[in-house]
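# Inside the fold
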Amino acid sequence: MGIANLFGLLSLLSIPALVLIYSFSRRRRRVEISSIIPWRLLRESVVRSSLFRADLLFILQLAALLALAAAACRPYWRSAAAAARGRHLVLVLDRSASMQAVEGGATRWELARQRALRIVRGLGPADRATVIVSGAAPRVVAAGEADASALARLIGGLEAADTPDRMAPAVETAFALLREGEDEAGEVHILTDRSAASLGLPAGGGPARLWRVGSPKANAAITGVAVYGDPFAAGEGVSAYVTVENFSDAPFSGTLRADAGGREVGSRPVRLAPGGSLTTRAGERFPEGLLRISLEPTDALPVDNTAWAILAGGRISRIALVTRDDACAARMRALAAAIPRLALDVHSPASYASADLERAQVAIFHRCEPERHPPTNVLVICPPVRSRMLRVTGEWVTGLSFLDWDESHPVGRNLRGLHAVPLGGSRIIETPAWARPVVISATTRGDVPLVVCGETEGRRAAVMSFDLCDARLGEGESLPLLILFLNVLRWLGAGDADGVRTGEAYRTLAPPGGPGRYTVVTPGGRREIVPAEPGGPIVFGATEEAGRYVLSGGAVSREFVANLCDRTESDLRADPEGEDRAALAAVLAAGPPPDAAPPDRSALFLLLAGAVLGIEWILWAARAARAGRPGEDETAAAGSAAGDE
């Protein structure tokens, strides 16, 4: 048996009030007597005991108050069968990066793990436990395990990750597991460094109990790393910009260092006001390879004081042009000659082979298109009327102009003045499902796309509906159009991203003749096998560690990095709002799962209190009736008169 409302015990304070009422409710009469000798013969204990005597009415009223107090406590008890079934405990452990913050001689993660070990060691013979760890995605590491020793070994081997906080999916998974076990009692234990308010836990918590670890702390962190460079330039043209923020109410003073190839290549002092931020270059010139950026001194959360970047070396950019127009080929050759480190190969639509395009970073098709998507990224200029890539609804329309462009897309940046560039004519195309319009024009029927960009068959692709070769790209008035063309080439030739945030999946494409299995070596030295179809995507999602990853297999050898760079995770001052707070509140606001809480037995005690009060009222009415009989009054009066005599 147990009680669900401890505050109901406060109702027991009504019992002393009942005693006081009985003590002062009796009437005292002044009676003259001839002598006090009889009272002198009485013992003091007899006199004191006569001050308050509990009669039957008092006992019944006390019983009624006790029954009402028991009902206010909301008592419950489980049957023997329910006790034999045991409990299902679901533990949710927060493995996010902030759990690595140092609390005295231990980290928050170590404190949470110790609490989890105490919980599982208290399992009963019929109990079982499920352990869920949060991170980029929830993961069930133990499902319905009844062996406390096995659970202790499993929890003792878990480690915190370098990923942002994603508690909502983990708690939602925990509640879903409780709903599956309708015939057993269930409890959810959440071990995290976040407060109940930030998690959206309702008052009382229902079947969920929060075990919070950690206290507010000051912290400075690297919250952003960006690498910029010209794809047609050497590695020395690459710049690395770093954003540092001070999550503290006190000023921060430190040093930002950049290391590459085992030596320091840059160092800058950093001074930040309370709550301030700064974006600065990590250095002036970098060699190609891995760049490690660190913020000193190390503070409460070491994981956000280091970031990495991959700097690509100088490679000749190669473009393949497929056209039957000699004038277009001549203009493209002149343009390639004017751009450093750019090589151009020209092919005829009737004679080129797929192998001719494998070495190129970008394949340009002028007034034609490939029968099958080549093994590289593609730009189609003025697609054929019967295009297979998209639908052409107008063969050629004149009188159009560049109306607007999407500056949020890399292709649409720095195009100021493009609307003043004359446009001779264009095909009228529809934006396909795999693309989005970046540059548009307008007709009487509405907006029409001039440049669309997207990804199809695992490769990047762009389509220009107008004929770029009709423009004189070397003249001043066409400079915005030249910038547009170079933006398209940069976007298509950028290749796969070499940096992701921890917890995000890294994606790249396998070569057509690939082995089908690739190996990824994590920063901690662990090896992971990733399957991939030849020519298909390679997806690696286990980026839980910050640092450098190496992907290899067959002729493929690529490096990429994962960085935390998460403001919410680095802000240890309080409970900053995150994207998953509302989702978690919605999960818990739905209430406990069906049959998760034991049945409330307060109604039985209310009925008992009503019955006792009914008996008490009947006895009181009978006593009042007897006190009001005339014979008894006269006898009492006569006895009193005799005593006076």
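The preceding data block contains the structure.
Residues numbered from 1 in each chain as written. Predicted model: local features only at pLDDT ≥ 70, side-chain atom pairs only at ≥ 80, totals over all residues. Heavy atoms only, no water.

## Observations concerning the overall build of the chain
Applied cut-off: Put simply, DSSP H or I for four residues or longer makes a helix, DSSP E for two residues or longer makes a strand, and each gets a number counted from the N terminus. Each residue is assigned to one of three classes by its accessible area relative to the maximum for its type, calculated with a 1.4 Å probe on protein chains only: buried under 20%, partly exposed between the two thresholds, exposed over 50%. For this analysis, residues touch if any pair of their heavy atoms sits within 4.5 Å. All accessibility values rest on the Shrake-Rupley procedure with a 1.4 Å probe; residue burial counts only the protein chains present in the view.
Tallying secondary structure elements over the chain gives 15 helices and 33 strands in all. Counting across all 645 residues of the chain, residues that qualify as buried make up 43%. Within the chain, residue pairs in contact and separated by at least 24 positions form 68% of the contacts whose partners lie at least 6 positions apart. Accessible area for the chain stands at about 33,500 Å²; split by element, carbon and sulfur atoms hold 53% of it.

## Remarks on empty space enclosed by the protein
Selection rule: Lining residues are defined by having an atom within 4 Å of a point belonging to a cavity or pocket. Those points lie on a 1 Å grid over the protein atoms alone, cavities being sets where a 1.4 Å probe fits but cannot get out and pockets being open sets with protein on both sides within 12 Å along at least five of seven lines. Grid points are joined across faces, edges and corners, and a volume is the space filled by probe spheres set on the points. Residue type decides the class: Asp, Glu, Lys and Arg count as charged, Ala, Val, Leu, Ile, Met, Phe, Trp, Tyr, Cys and Pro as nonpolar, and the leftover types, Gly among them, as polar.
Evaluated as defined, the whole model comprises four cavities of 30 Å³ or more. Its boundaries defined by the atoms lining it, the second largest cavity holds a volume of some 70 Å³. For the second largest cavity, the full set of lining residues is Ile 319, Leu 321, Met 332, Leu 335, Ala 336, Ile 339, Leu 342, Leu 344, Ile 364, Phe 485 and Leu 489. Elements with a minimum of two residues in the lining of the second largest cavity: strand S17 (317-322), helix H10 (326-338), strand S18 (342-347) and helix H11 (479-493). Its residues assigned to classes, the lining of the second largest cavity shows eleven nonpolar, no polar and no charged.

## Structural notes on the packing of aromatic side chains
Note the threshold: Two aromatic rings from Phe, Tyr or Trp, using only the six-membered ring of Trp, form a pair when their centres are within 6.5 Å; if the ring planes differ by under 30 degrees the pair is stacked, by over 60 it is edge-to-face, and anything between is tilted.
Scanning the entire structure with this criterion turns up five aromatic pairs. For the pair Tyr 352 and Phe 365, a centre-to-centre distance of 5.7 Å together with 70 degrees between the ring planes defines the contact as edge-to-face. One end of the pair, Tyr 352, is in the loop between S18 and strand S19 (362-366); the other, Phe 365, is in strand S19, and 13 residues separate them in sequence. Assessed through its relative accessible area of 22%, Tyr 352 is described here as partly exposed. Taking 5.4 Å as the distance between ring centres and 90 degrees as the angle between the ring planes, the aromatic pair formed by Phe 402 and Phe 466 counts as edge-to-face. Here the residue Phe 402 occupies a position in the loop between strand S21 (392-398) and strand S22 (404-405), and Phe 466 occupies one in the loop between strand S26 (459-464) and H11, the gap between them amounting to 64 residues. The exposure class assigned to Phe 402 is buried, which follows from its relative accessible area of 2%. Here Phe 466 falls in the buried class, since its relative accessible area comes to 2%. Counting every residue linked through ring pairs, the aromatic cluster contains Tyr 506, Phe 540, Tyr 549 and Phe 560.

## Focus on the state of the cysteines
To keep it simple, the criterion reads: Pairs of cysteine sulfur atoms within 2.5 Å are identified as disulfides in what follows.
Applying the stated criterion across every chain, the model contains one disulfide. The disulfide that involves Cys 328 links it to Cys 469, with 2.2 Å between the sulfurs. On the criterion of sequence distance, the pair formed by Cys 328 in helix H10 and Cys 469 in the loop between S26 and H11 is long-range, its members being 141 residues apart. The class for Cys 328 is buried, based on a relative accessible area of 1%.

## Focus: the sheet that holds strand S3 (residues 87-93)
To keep it simple, the criterion reads: Should DSSP find at least two bridges between two strands, the strands are regarded as paired. Only the contacting stretch of a helix is used when fitting its axis, a line to C-alpha atoms as for every element, and angles between N-to-C directions run 0 to 180 degrees.
With mixed pairing, the five strands of this open sheet are ordered in space as S7-S6-S3-S8-S9. Strand pairing shows two members of the sheet lacking a second neighbour, strand S7 (139-145) and strand S9 (208-212), which therefore form its edges. Here the average twist between neighbouring strands, direction ignored, is 15 degrees. Examined bridge by bridge, strand S8 (residues 185-192) and S9 share five bridges and lie parallel to one another. Of the residues in S9, the one forming a bridge with Val 188 is Ala 208. Contacting S3, strand S6 (128-133) and S7, helix H7 (residues 148-156) runs over the sheet at an angle of about 170 degrees to S7.

## Considerations on the nonpolar core
The test is simple: Take the buried Ala, Val, Leu, Ile, Met, Phe, Trp, Tyr and Cys residues and link them wherever side-chain atoms come within 4.5 Å; each set so joined is a nonpolar core.
Counting 45 residues, the largest nonpolar core has Met 464, Phe 466, Leu 481, Leu 484 and Phe 485 as the members making the most contacts within it. The element best represented in this core is H11, accounting for nine residues. Among all residues touching Phe 466, those that are not within four sequence positions of it are Ile 381, Cys 382, Phe 402, Leu 423, Gly 425, Ser 426, Leu 450, Val 451, Leu 481 and Leu 484.

## As for unusual backbone geometry
Residue Glu 296 is joined to Pro 297 through a cis peptide bond whose omega torsion reads 0 degrees. If you trace the backbone, Pro 297 turns up in the loop between strand S15 (289-296) and strand S16 (306-311). Look at Arg 367: it is not a glycine, yet its phi comes out positive at around 55 degrees. Residue position: Arg 367 is located in the loop between S19 and strand S20 (377-381). Even without being a glycine, Asn 414 presents a positive backbone phi close to 60 degrees. Following the sequence through the fold, Asn 414 ends up in the loop between S22 and strand S23 (425-429). Note on Asn 414: relative accessible area 64%, which makes it exposed.

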